[in-house]
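As a plain string of letters, each chain reads:
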Amino acid sequence: MPKIKTNRGAAKRFSFTGSGKIKRNASHRRHILTKKPTKRKRHLRDPAMLHKADMKMAMRMMPYC
């Protein structure tokens, strides 16, 4: 039986914490930043945890990470 390939897009976006949760970064912080308030950009800076409903799909995309 061959190994399952890791989805490289998912591997670049998500990382596992020590407790097994999946960490993700916020979107909307790549470009067109001049019109966004500093407060909004500051809040987007913090990493967030992936929602429980999305964990199963993320685990399937990254079987060995």
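Residues numbered from 1 in each chain as written. Predicted model: local features only at pLDDT ≥ 70, side-chain atom pairs only at ≥ 80, totals over all residues. Heavy atoms only, no water.

Caption draft 1: Representation of the side chain of K36 in the model. Here K36 shows up in the loop between β2 (22-24) and α2 (38-45). Of the side chains with opposite charge, D46 lies nearest to the buried K36, which makes no salt bridge, at 16 Å. Here H31 takes part through its backbone oxygen, which lies 3.4 Å from a polar atom of the side chain of K36. Once residues lying within four places of it in the same chain are set aside, the contact partners of K36 are H28, H31 and K41. (Helix = DSSP H or I, 4+ residues; strand = E, 2+ residues; numbered from the N terminus. Buried < 20%, exposed > 50% of the residue type's maximum accessible area, 1.4 Å probe, protein only. Lys, Arg positive; Asp, Glu negative; His and termini not counted. Salt bridge = Lys/Arg side-chain N within 4 Å of Asp/Glu carboxyl O. Polar contact = N/O pair within 3.5 Å; in protein donor to acceptor, adjacent residues only side chain to side chain. Contact = heavy atoms within 4.5 Å.)

Caption draft 2: Layout of unusual backbone geometry. Of note in this structure, H28 is not a glycine but carries a positive phi near 70°. Topologically, H28 is positioned in the loop between β2 and α2. With relative accessibility at 54%, the residue H28 sits in the exposed group. Backbone geometry places I32, a non-glycine residue, at a positive phi of 55°. Position of I32 relative to the elements: it lies in the loop between β2 and α2. Overall, the relative accessible area of 48% leaves I32 in the partly exposed class.

Caption draft 3: Fine view of the nonpolar core. Within the largest apolar cluster, 8 residues are counted, these being A10, A11, F14, I22, L50, M55, A58 and M62. Within the residue set of this core, elements represented by two or more residues are α1 (8-13) and α3 (52-61). Not counting residues up to four positions away in its chain, the partners in contact with M55 are G20, K21, I22 and L50. (Core = buried A, V, L, I, M, F, W, Y, C linked by side-chain atoms within 4.5 Å.)

Caption draft 4: Local environment of the environment of R42. Summarising the element assignment, R42 is placed in helix α2. Its relative accessible area of 40% is what places R42 among the partly exposed residues. Spatially, the C-alpha atoms of R42 and T17 are 22 Å apart, while their sequence positions differ by 25 residues.

Caption draft 5: Layout of the sheet that holds strand β1 (residues 15-16). Pairing is antiparallel in the open sheet, where 3 strands are placed in the order β1-β2-β3. Each edge of the sheet is formed by a strand with only one pairing partner; in this case those strands are β1 and β3 (48-49). Where β1 and β2 come together, 2 bridges link them in antiparallel fashion. Counted as the bridge partner of F16 is I22 from β2. (Pairing = 2+ DSSP bridges.)

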